[in-house]
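What the coordinates show
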Amino acid sequence: MKVDISEVAVFVVYLAFMLGIGVYFFIKSKNGGEKTYFLGGRKMGPWVAALSAGASDMSAWVLMGLPTSIYALGVGQVWISVGLAIGYTISWLVEAPRLRKFSIAANDSITIPQYLTNRFLSKSHALQIICAVVFLVAYTIYAASSLKACGTLFNTVLGIDATLAMYIAAIIIVGYTFLGGFSAVCWTDFFQGMLIFGGMLIAPLFAAGMLNTVEIAPVSGEYWNAFSDWKEIVSGLAWGLGYFGMPHIIIRFMSLRSQKELKKSAGIGITWTVFIVVFAAAIGIIGRMFLGYSDEINNNSLVFIEMVRRIFPGIVSGILLSAVLAASMSTADSQLLSAASSFASDVYKPVFRKNKAGDKEMLWAGRIVVLAVSAVALIIASNPNTGSIMDLVTNAWGLFGASIGPSILLSLFWKRFNFKGAIAGIVAGAAVDVLWIAFLSSTGIYELIPGFAAGLLAAVAVTLCTKKPSQEVEKLFDDAVNYTDPEEASQTVDA
């Protein structure tokens, strides 16, 4: 196995830089509290918030899993890219502005479960506990896909054991998440987002330019047919529904400084993501012609890695392959922090400690969850029977979108929506999603579709069959809709 010392050196420098960011924010914010650790004090600027949201979304599956699916199965898989671009755009333009306002109006909520509970002025912890369970399950699976990608990358490039590589990656990711919290995660994601963009832009362009100088691998006509299977089209487009319930992404909407900066973030984030999903499709299609079909590439999701290593010298390929590390780490850190914030703020503090836990205790409760989720994710990732990177992401993505998405959207746009409806929507969406995977996955229809539909129908039906919200809850809805940032309000008065 070819090991290039230049690639190794680049990887070491990159990983040291990520840890350095964690140490910096640990020192800077050690006097901060729960809101600082889990939400950055709502002080994220538009560029950091936008690229962080995009980078936390586009994990290694967008560099390894999705391009390899297109590489192996054909252009029909491009519908996933189309669905992601549409869903992400709608989430920024429609969901983000209201979620930021509503989370502030709902007692300045810092987590998604906390927001949903406060939105209905409920004293029950049922919704928070249910959400925390969904989060822990889905995030553990999702984090496992990122660690699996790191293992594959290190094994291919450095020649070290894949399982050992997963442990090394986990130590680095846990290190800066454990130390620096939300600010460290957002800033590492910001740099990683730029690296992902550069890597995904450069590799397919160079490969396409070299097609004239290499023998183009034969590709069957069926490979190019994007309309051969309606199930493939519908399931691909359905990926966009996942964005409405993806906690580690929509939490960025809540962290922004102002509504004005949210608009700027939307433009940056949407542009970045559209380019990324287009590049992912290009890597898969050009990779098929440039590399030819290989079972090894398909089975190990190696199309991007092989393309880069064949084209570029060591130091350049090391930088570009760091994009895979960036994609893996930028998602894993966000997932770990979201799982930690959900458990610490939504279960540990209100249920186990009866709201008696101080800031320091809350921070350590969250950090312990980071360690626990990482340990379970490592067990899943190192098991060869858990499926591919794409399989793991598909399952986690579907569970989040089906369970959380419908209730979030209804809470933002339906004044009549109530607490019992939210619980029903989350439980029904999660249950149908899991049952579909277990018994009906052979239909070829992505489980997110029936899961999302079930969650939406259950939430609406239970809401209409139960008591309408109180006047206080309806007033909170109106206050949130009409909320104006203090800065903007003062500017309006001055004018």
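Small disclaimer: the values here were computed from a predicted structure and weren't measured.

What to know about empty space enclosed by the protein
- Counted under the stated rule, the structure contains two cavities of 30 Å³ or more.
- Of the voids in this model, the second largest cavity is the one considered here, and its volume is about 40 Å³.
- In this structure, the second largest cavity is lined by Ala143, Leu147, Ala170, Ile173, Val174, Ala332, Leu336, Ser374 and Ala377.
- Residue assignment for the lining of the second largest cavity shows that the elements contributing at least two residues are α7 (126–158), α8 (162–210), α14 (314–352) and α15 (359–382).
- In terms of residue class, the lining of the second largest cavity is built from eight nonpolar, one polar and no charged.

Brief notes about unusual backbone geometry
- At Leu121, a position not held by glycine, the phi torsion is positive, near 50°.
- Structurally, Leu121 can be placed in the loop between α6 (112–119) and α7.
- Non-glycine residue Ser301 carries a positive phi angle of around 55°.
- As for its placement among the helices and strands, Ser301 is situated in the loop between α12 (295–300) and α13 (303–311).

Considerations on the pattern of salt bridges
- Taken as a whole and assessed by the stated rule, the structure comprises five salt bridges.
- Across the salt bridge formed by Arg309 and Glu7, the nearest N and O atoms sit 3.1 Å from each other. Remark: Glu7 occurs in helix α1 (residues 5–28) and Arg309 occurs in helix α13; sequence separation between them is 302 residues. Of the two residues, Arg309 and Glu7, both sit in the buried class.

Quick notes on the layout of surface pockets
- Size it by volume and the largest pocket reaches roughly 630 Å³.
- Forming the boundary of the largest pocket are 26 residues, of which Gln77, Ile80, Met390, Asp391 and Thr394 lie nearest the centre.
- Elements with a minimum of two residues in the lining of the largest pocket: α4 (65–73), α5 (78–105), α9 (230–238) and α16 (389–403).
- When residues in the lining of the largest pocket are grouped by element, the largest group, five residues, is from α4.
- Along the lines of polarity and charge, the residues of the lining of the largest pocket split into nine nonpolar, 14 polar and three charged.
- Lining the second largest pocket are 27 residues; nearest its centre among them are Thr152, Asn155, Thr156, Asn300 and Leu302.
- Of all elements in the fold, only α7, α8, α12, α13, α15 and α16 reach the threshold of two or more residues within the lining of the second largest pocket.
- Broken down by element, the lining of the second largest pocket gets its largest block of residues, five residues, from α7.
- For the lining of the second largest pocket, the residue count by class is eight nonpolar, 12 polar and seven charged.

Regarding the packing of aromatic side chains
- Tallying each qualifying case throughout the model produces 17 aromatic pairs.
- When the ring of Tyr88 is compared with that of Trp92, the centres are 6.4 Å apart and the planes differ by 80°; the resulting orientation is edge-to-face. Remark: Trp92 and Tyr88 occur in helix α5; sequence separation between them is four residues, near one turn of the helix.
- Judged by relative accessible area, Trp92 falls into the buried class, the value being 1%.
- Note on Trp239 and Trp397: the rings are 5.6 Å apart at their centroids and 35° apart in plane angle, and the pair reads as tilted. Within this pair, whereas Trp239 is found in the loop between α9 and α10 (247–255), its partner Trp397 is found in helix α16, the two being separated by 158 residues in sequence. For the pair formed by Trp239 and Trp397, the shared burial category is buried.
- A network of ring pairs unites the aromatic residues Tyr88, Trp92, Trp239, Tyr243, Trp397 and Tyr446 as a single cluster.
- Just above the ring of Tyr71 sits the side chain of Arg288; from NZ or CZ to the centre is 5.9 Å.

Details of the environment of Ala422
- Relative to the helices and strands, Ala422 is located in helix α18 (residues 419–439).
- Counting along the chain gives 18 residues from Ala422 to Ile404, while the straight-line C-alpha distance between them is 8.9 Å.
- Residues within four places of Ala422 in sequence aside, it is in contact with Phe120, Leu127, Ser407 and Phe417.

Observations concerning helix α11 (residues 259–291)
- Across its 33 residues, α11 extends 46 Å between first and last C-alpha, which sits within 8% of the 48 Å expected from 1.5 Å per residue.
- In the stretch just after α11, Gly292 is the one whose phi turns positive, near 75°.

A closer look at a nonpolar patch on the surface
- Taken together, Val82, Ile86, Ile90, Leu93, Val94, Leu237 and Phe413 make up a surface patch of nonpolar side chains, about 540 Å² in accessible area.
- The partly exposed category is assigned to Leu237, whose relative accessible area is 33%.

Observations concerning the packing of α5 against helix α20 (residues 471–481)
- Interhelical geometry of α5 versus α20 gives an angle of 130° and a closest axis separation of 8 Å. On the basis of their axis angle, the class for α5 and α20 is oblique. α5 and α20 meet at a crossing whose hand is right-handed. Contact residues: α5 offers Arg98, Lys101, Phe102 and Ala105, while α20 offers Leu476, Phe477, Ala480 and Val481.
- Counted by class, the contact of α5 with α20 contains six nonpolar, no polar and two charged residues.

What about α6?
- Burial of α6 is extensive: eight of the eight residues sit out of reach of the surface.
- Residues of α6 that are buried: Ile112, Pro113, Gln114, Tyr115, Leu116, Thr117, Asn118 and Arg119.
- Downstream of α6 by a residue or two, Leu121 has a phi angle that is positive, lying close to 50°.

Notes on the confidence of the model for the chain
- On average, residues of the chain score 83 in pLDDT, and 84% of them are at 70 or above.
- Confidence, read as mean pLDDT per element, is least for helix α2 (residues 34–39) in the chain (46) and greatest for helix α19 (residues 448–465) (98).
- Confidence drops under pLDDT 50 across residues 33–41; counting only partners more than four residues distant or on other chains, this segment forms 43 contacts.

Some words on the packing of α16 against α19
- Running from amino to carboxyl end, α16 crosses α19 at an angle of 20°, the nearest separation of the two axes being 7 Å. Taken together, the axis directions place α16 and α19 in an arrangement best described as roughly parallel. With respect to the hand of their crossing, α16 and α19 are arranged in right-handed fashion. Where α16 approaches α19, its residues Trp397, Gly398, Gly401 and Ala402 are matched on the opposing element by Leu448, Gly451, Phe452 and Gly455.
- Each residue belonging to the contact of α16 with α19 can be placed in one class, and the counts come to four nonpolar, four polar and no charged.

Cut-offs used in this document
- Residues numbered from 1 in each chain as written.
- Predicted model: local features only at pLDDT ≥ 70, side-chain atom pairs only at ≥ 80, totals over all residues.
- Heavy atoms only, no water.
- 1 Å grid on protein atoms, 1.4 Å probe; cavity = no way out; pocket = protein on both sides within 12 Å on 5 of 7 lines; lining within 4 Å.
- Points joined across faces, edges and corners; volume = space filled by probe spheres on them.
- Helix = DSSP H or I, 4+ residues; strand = E, 2+ residues; numbered from the N terminus.
- Nonpolar A, V, L, I, M, F, W, Y, C, P; charged D, E, K, R; others polar.
- Salt bridge = Lys/Arg side-chain N within 4 Å of Asp/Glu carboxyl O.
- Buried < 20%, exposed > 50% of the residue type's maximum accessible area, 1.4 Å probe, protein only.
- Phe/Tyr/Trp six-rings, centres within 6.5 Å; stacked < 30°, edge-to-face > 60°.
- Lys NZ or Arg CZ within 6 Å of the ring centre and 35° of its normal.
- Contact = heavy atoms within 4.5 Å.
- Expected span 1.5 Å × (residues − 1).
- Patch = residues over 30% accessible without salt bridge, like charges linked within 9 Å, V, L, I, M, F, W, Y side chains within 5 Å.
- Areas by Shrake-Rupley, 256 points an atom, 1.4 Å probe, with all protein chains shown as cover.
- Axes fitted to C-alpha atoms, helices over the stretch in contact; angles between N-to-C directions.
- Parallel < 35°, antiparallel > 145°, perpendicular 65-115°, else oblique.
- Left-handed = near helix turned anticlockwise from the far one by under 90°.
- pLDDT = per-residue confidence, 0-100.

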